[in-house]
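Here are the chains, one letter per residue:
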Amino acid sequence: KVQMDTERKTFLDSLQAERTAFMADLQTKKDEWKAAKTDKKAQFCNAAQEMVTKKFDTAISKLEDFQTKTADLITKLNTAGSNTTLAITALDLSKQKLADAKAKLLEIKKLIPVTCDTLTSDVFGQIKLGARDAKNLLKESREALHQAVKEIRSLNGEDQNAATKTNNNNGNNNNGTN
């Protein structure tokens, strides 16, 4: 019986030692996983901040510049007496979509945490969804601006055609009378 108790004690001690070693190994792997997860969170957080501060701001400033130039062209055409209603409507739509994109961008900036430790999957999803919405709004703004430019080009084409016809008529009249 003593031998059996000794074997049992030895077995339980080895089992306990294996369990302790397993738990230590498991804790080490958990710590490594947490560190890797923290690194991934930090990478995403930095990428989100860069996207919001650099990429979207650059796109917004370029669209604003193009909107200003387009507004100047519309003003010139309006002063010349052209009907710029469609171009103005398209430009106003572009400005509205850009304002909506700026508002969405402010929402995204508020969602991005200062320290990336507090980034949760819900916040991550909201940031991705907000970025997609902002991107779509910027695309819509660009398309509306493109429509305004197309309308300006058609008005410029009409003005050039009218000027060419006037010059041709003047030239034909002068040739016919000479």
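Keep in mind that this is a model prediction, so the values were computed, not measured.

Conventions used here
- Residues numbered from 1 in each chain as written.
- Predicted model: local features only at pLDDT ≥ 70, side-chain atom pairs only at ≥ 80, totals over all residues.
- Heavy atoms only, no water.
- Salt bridge = Lys/Arg side-chain N within 4 Å of Asp/Glu carboxyl O.
- Buried < 20%, exposed > 50% of the residue type's maximum accessible area, 1.4 Å probe, protein only.
- Axes fitted to C-alpha atoms, helices over the stretch in contact; angles between N-to-C directions.
- Helix = DSSP H or I, 4+ residues; strand = E, 2+ residues; numbered from the N terminus.
- Parallel < 35°, antiparallel > 145°, perpendicular 65-115°, else oblique.
- Left-handed = near helix turned anticlockwise from the far one by under 90°.
- Contact = heavy atoms within 4.5 Å.
- Nonpolar A, V, L, I, M, F, W, Y, C, P; charged D, E, K, R; others polar.
- pLDDT = per-residue confidence, 0-100.

Enquirer: Teacher, can you tell me more about the pattern of salt bridges here?
Expert: Pairing between side chains of opposite charge can happen when the charged atoms of each approach one another. The final tally for this structure, using the stated rule, is seven salt bridges. Here Arg 142 and Glu 143 are joined by a salt bridge, their closest N and O atoms 3.3 Å apart. What makes Glu 143 partly exposed here is its relative accessible area of 37%. Here the residues in one salt-bridge network are Lys 104, Glu 107 and Asp 133, joined through shared partners.

Enquirer: Looking at this model, I keep getting lost on the packing of helix α1 (residues 2-79) against helix α2 (residues 85-111). Mind explaining?
Expert: How two helices pack is summed up by the angle between their axes together with the distance between the axes. At a closest axis distance of 11 Å, the pairing of α1 and α2 adopts a crossing angle of 160°. Relative to α2, the element α1 is oriented roughly antiparallel. In this structure, α1 crosses over α2, and the sense of that crossing is left-handed. The segment α1 lies against α2, with Val 52, Phe 56, Asp 57, Ile 60, Leu 63, Glu 64, Gln 67, Thr 70, Ala 71 and Ile 74 engaging Ala 87, Ile 88, Leu 91, Ser 94, Lys 95, Leu 98, Lys 102, Leu 105, Ile 108 and Lys 109. Its residues assigned to classes, the contact of α1 with α2 shows 12 nonpolar, three polar and five charged.

Enquirer: What exactly am I supposed to notice about the environment of Val 149 here?
Expert: Note that Val 149 resides in helix α3 (residues 121-177). Expressed as a C-alpha distance, the spacing of Val 149 and Gln 67, which sit 82 residues apart in the sequence, is 9.6 Å.

Enquirer: Got a minute to help me understand the confidence of the model for the protein chain in this structure?
Expert: In low-pLDDT segments, the atomic positions of the prediction should not be examined closely. Across the protein chain, the average pLDDT comes to 83, with 88% of residues at 70 or higher. Within the protein chain, the element-level pLDDT minimum falls on α3, averaging 76, and the maximum on α2, averaging 92. Taken as a whole, residues 169-178 scores under 50 in pLDDT and shows zero contacts with residues more than four places along the chain or in a different chain.

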